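What the coordinates show
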Amino acid sequence: MDSGETGLKLILNNTDDSFDIVALSNLFFPRDGFTEEKGKVLTVTRNGDVFEAVFEWNGTVYRSARKIPAEVHDGERCAIKRAAYDVFSEATGIESPWGLLSGVRPIRFYETLTGIYGDKTEEVMAKHYLVTAEKIELCRNTIAHQAEARRNNRQGDAAMYISIPFCPSRCKYCSFVSQVTGDENKLIPEYLEVLKEEIGAKAASAREQGHRITTVYMGGGTPTTLSAVQMDDLMKTVASHVDVSSLWNTQWRRGAPTPLRRKN
Ligand code: SF4
């Protein structure tokens, strides 16, 4: 059990790849920051082509040593992350379905691997990056849908992106422009008024240039931060400026978990 001490101290010997370890640690200890205080201590040491991770937590020491796999293009990152993953996973009992992957673009990663390993891509993802079969299938299906979407595109087709830069909380890995909000937040109504004007102006500009808007994507941020009334108002604005009979794809991003709220 956790002693209650928070914070993770990282000691690196013969390597400076703290970025990957910090990103990976968020999967196992999402509420812990890195600190000089002694709570949990991870020491990663490079000895030749082997990375050794030693994790001390609650009086128990967990160890793993991983050799740089010669057959993987980013073998050093793979080995250092694998060693850290091993000790974190053993200590917490957690296994991530995305394995060693952290961040927000697994599809890009799959496509990068495909360019290097061809039909061995999924084997490499499973063996070296510990991605589960279910997640690999999700990547494969998403890429197939993307290819279909590209095939459906016609000359002059355009997409409208609507940003809702508000979230109920801030994820540690986030690099998006987003404001943490609460029920009391006053920025949203003001933002929506300007946004509605912008939607009208952009839709008019697209029409004048002969573009047909076929996709509306609402991202952010977390669009479901809006109340149902605000969302309804926004969608009515879109419908009043965009020919909805031309839309074949309308999506919202739902980043942080939020129900659609019924109140204003
Ligand atoms: S939900 Fe998305 S946009 Fe919002 S803080 Fe998290 S990662 Fe960033």
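Where helix H1 (residues 18–28) contacts helix H2 (residues 75–92), the axes come no closer than 10 Å and their chain directions differ by 25°. Judged by the angle between their axes, H1 and H2 are roughly parallel. Where H1 crosses over H2, the two elements pack in a sense that is right-handed. Here Asp20, Ile21, Leu24, Ser25 and Phe28 of H1 lie close against H2, whose contacting residues are Arg77, Ile80, Lys81, Ala84, Tyr85, Phe88 and Thr92. Class assignment of the residues belonging to the contact of H1 with H2 gives a composition of seven nonpolar, two polar and three charged.

Once that is clear, we can look at the sheet that holds strand S3 (residues 50–57). Here we have four strands laid out as an open sheet, ordered S1-S2-S3-S4, and mixed in their pairing. The sheet is open, and its two edges are formed by strand S1 (8–13) and strand S4 (60–67), each paired on a single side. On average, adjacent strands in this sheet sit at an angle of 15° to one another, irrespective of strand direction.

Before going further, it helps to spend a moment on the domain arrangement of the protein. In terms of domains, the protein is made up of domain 1 (8–129) and domain 2 (154–252). For domain 1 and domain 2, the distance between their C-alpha centres works out to 37 Å.

Glancing now at the sheet that holds strand S8 (residues 212–220). Sheet architecture is open: three strands sit in the order S5-S8-S9, paired in parallel fashion. Edge strands, defined here as strands with exactly one partner in the open sheet, are strand S5 (157–164) and strand S9 (249–252). Neighbour to neighbour, the strand axes of the sheet diverge by 15° on average, direction disregarded. Where S5 meets S8, eight bridges bridge the pair, whose relative direction is parallel. Paired with alanine 159 across the strands is threonine 215, a residue of S8.

What follows is about the environment of isoleucine 162. Inspection of the secondary structure puts isoleucine 162 in strand S5. Taking the C-alpha atoms as reference points, isoleucine 162 and lysine 196, separated by 34 residues in sequence, lie 9.8 Å from one another. The residues contacting isoleucine 162, other than those within four sequence positions of it, are Ile199, Val216 and Met218.

The next subject is the pairing of S4. As defined by bridge partners, S3 adjoins S4 across eight bridges and the pair is classed as antiparallel. By the bridge assignment, phenylalanine 55 is partnered in S4 with tyrosine 62. Linking S3 to S4, which pair antiparallel, is a turn of two residues; within it asparagine 58 sits at a positive phi near 55°.

Our next topic: the nonpolar core. Core analysis: the largest hydrophobic core is formed by 31 residues, its most contacted members being Val44, Ala53 and Ala84. Among the elements of the structure, H1, strand S2 (40–47), S3, H2, helix H3 (106–117), helix H4 (121–129) and helix H5 (133–152) are those that each provide at least two residues to this core. Of all the elements, H2 adds the most residues to this core, at nine residues. Ranked by size, the runner-up nonpolar core spans twelve residues in total, among them Ile162, Ala203, Ile213 and Leu226.

In the contact formed by H3 and H5, the axes pass within 10 Å of each other and the chain directions differ by 90°. Comparing the axis directions of H3 and H5 gives the class roughly perpendicular. Facing Pro106, Ile107, Tyr110 and Glu111 of H3, the residues of H5 in contact are Cys139, Thr142 and Ile143. Here the contact of H3 with H5 is composed, by residue class, of five nonpolar, one polar and one charged.

Let us look at H4. Taken residue by residue, H4 has Thr121, Met125, His128 and Tyr129 as its buried positions. Within H4, the buried residues cover an arc of 105° as seen down the axis, which keeps them to one side. Where the residues of H4 are buried, they touch H2, H3 and H5.

Rules used in this analysis
- Residues numbered from 1 in each chain as written.
- Predicted model: local features only at pLDDT ≥ 70, side-chain atom pairs only at ≥ 80, totals over all residues.
- Axes fitted to C-alpha atoms, helices over the stretch in contact; angles between N-to-C directions.
- Helix = DSSP H or I, 4+ residues; strand = E, 2+ residues; numbered from the N terminus.
- Parallel < 35°, antiparallel > 145°, perpendicular 65-115°, else oblique.
- Left-handed = near helix turned anticlockwise from the far one by under 90°.
- Contact = placed C-beta atoms within 7 Å.
- Nonpolar A, V, L, I, M, F, W, Y, C, P; charged D, E, K, R; others polar.
- Pairing = 2+ DSSP bridges.
- Domains from an automatic or database assignment.
- Core = buried A, V, L, I, M, F, W, Y, C linked by C-beta atoms within 7 Å.
- Buried ≥ 20, exposed ≤ 12 C-beta atoms within 10 Å, placed from the backbone.
- Arc of directions from axis to C-beta.

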